[in-house]
Amino acid sequence: MLQVNDLHVTVEGNEILKGLTLTINAGEVHAIMGPNGAGKSTLSAVIAGKDGYEVTQGTVTFEGKDVLEMEIEERAQAGLLLGFQYPVEIPGVKNIYLLKAALNAQRVARGEGEMPAPEFMKLVKEKLGYMKMDASFLQRAVNEGFSGGEKKRNEILQMLVLQPKLAMLDEIDSGLDIDAMKVVADGVNSLRAQDRAILLVTHYQRLLDYIVPDKVHVLVDGRIVKSGDAELAKQLEANGYEGIEESVA
Ligand code: ADP
Ligand code: MG
Ligand code: MG
């Protein structure tokens, strides 16, 4: 589904990704772990098409298409979706309106036409239930006055409604207490599907007790230096990144 090959990315003149190679198949959940500043957020931002990143070498393809040639909207329409590490507040725009506009933009781009309102409400209410969110959240401005945990739940709610093919989630566990993290993890687990892949960026192993990844990659200094299964995350928890950095050096 996603193929990243020898990706080099520069931000403001500094090379951040230095030859990163990664393959994600449909149906898989991959976790990217690594120390602060390794380039984890840069990777998902480049795939999603955020501004400010210069690709100097390498390729990214999604279902065989050249992602780097696609505009940010085209990537979203193709089913690549990045949640926000720091979700933005959008005063004056109701949550329900944003969800509906985003879903219908996707459907129209695919030639499916807008979803009828009753069907949309049914879908949203079902997903709200998964996220243990009250219906009043729909009428509030996007993320305005939401607690950290509510913003994360709202982010997963967006994913559940939009049903991307590749869902990229950056540090969705940061700042969550254990109960909120379980709700968020349940939401992510309910996204798992044969025709969907999930890329989880996380600094801590804790989240991976609840969302068990198929593959774990360790990103250090712009490259994936080690890959393994869920067991690798447990080793990192026990030994930290230092052992890995030393063995790579
Ligand atoms: P991680 O998510 O692994 O903590 P990031 O991808 O956020 O790492 O950042 C990797 C490096 O790139 C860091 O040194 C960071 O300071 C730098 N960086 C990332 N984004 C920017 C930016 N917009 N401007 C300048 N430097 C940036
Ligand atoms: Mg190279
Ligand atoms: Mg980051």
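The model shown is predicted, which means the values in this text are computed figures rather than measured ones.

## Description of the pattern of salt bridges
- Counted according to the given criterion, the structure contains seven salt bridges.
- For Arg-110, the salt bridge identified is with Glu-112, shortest N-O distance 3.5 Å.
- Relative accessible area serves as the criterion here: at 44%, Glu-112 is assigned to the partly exposed category.
- Among the salt bridges present, the one from Glu-126 reaches Lys-127, with a minimum N-O distance of 3.4 Å.
- A relative accessible area of 9% means that Lys-127 is categorised as buried.

## Observations concerning the confidence of the model for the chain
- On average, residues of the chain score 91 in pLDDT, and 97% of them reach the 70 mark or higher.
- Model confidence for the complex: the whole-complex pTM is 0.91, and ipTM, which rates the interface, is 0.92.

## What to know about the coordination of the magnesium ion (ligand 2)
- Distances from the magnesium ion (ligand 2) to its protein donors, namely Asp-6 (OD) and His-8 (NE2), fall within the range 2.4 to 2.6 Å.
- The class for His-8 is buried, based on a relative accessible area of 13%.

## Digging into the nonpolar core
- If you look at the biggest cluster of nonpolar residues, it comprises 47 residues, and the most contacted ones within it are Ile-172 and Leu-200.
- Counting residues per element, this core draws most heavily on helix 6 (residues 178-191), at seven residues.
- Once residues lying within four places of it in the same chain are set aside, the contact partners of Leu-200 are Val-29, His-30, Ala-31, Ile-32, Leu-169, Ile-172, Leu-207, Leu-208 and Ile-211.
- Formed by 27 residues, the second largest nonpolar core is a distinct cluster that contains Leu-80, Leu-82, Met-168 and Leu-219.

## Observations concerning unusual backbone geometry
- Its identity is not glycine, yet Gln-163 carries a phi of approximately 50 degrees, on the positive side.
- By secondary structure assignment, the location of Gln-163 is in the loop between helix 5 (148-162) and strand 9 (166-170).
- For Gln-163, a relative accessible area of 33% translates into the label partly exposed.

The rules behind these values
Residues numbered from 1 in each chain as written. Chains lettered and ligands numbered in written order. Predicted model: local features only at pLDDT ≥ 70, side-chain atom pairs only at ≥ 80, totals over all residues. Heavy atoms only, no water. Salt bridge = Lys/Arg side-chain N within 4 Å of Asp/Glu carboxyl O. Buried < 20%, exposed > 50% of the residue type's maximum accessible area, 1.4 Å probe, protein only. pLDDT = per-residue confidence, 0-100. Donors = N, O, S within 2.8 Å, 3.2 Å for Na, K, Ca; no water. Core = buried A, V, L, I, M, F, W, Y, C linked by side-chain atoms within 4.5 Å. Helix = DSSP H or I, 4+ residues; strand = E, 2+ residues; numbered from the N terminus. Contact = heavy atoms within 4.5 Å.

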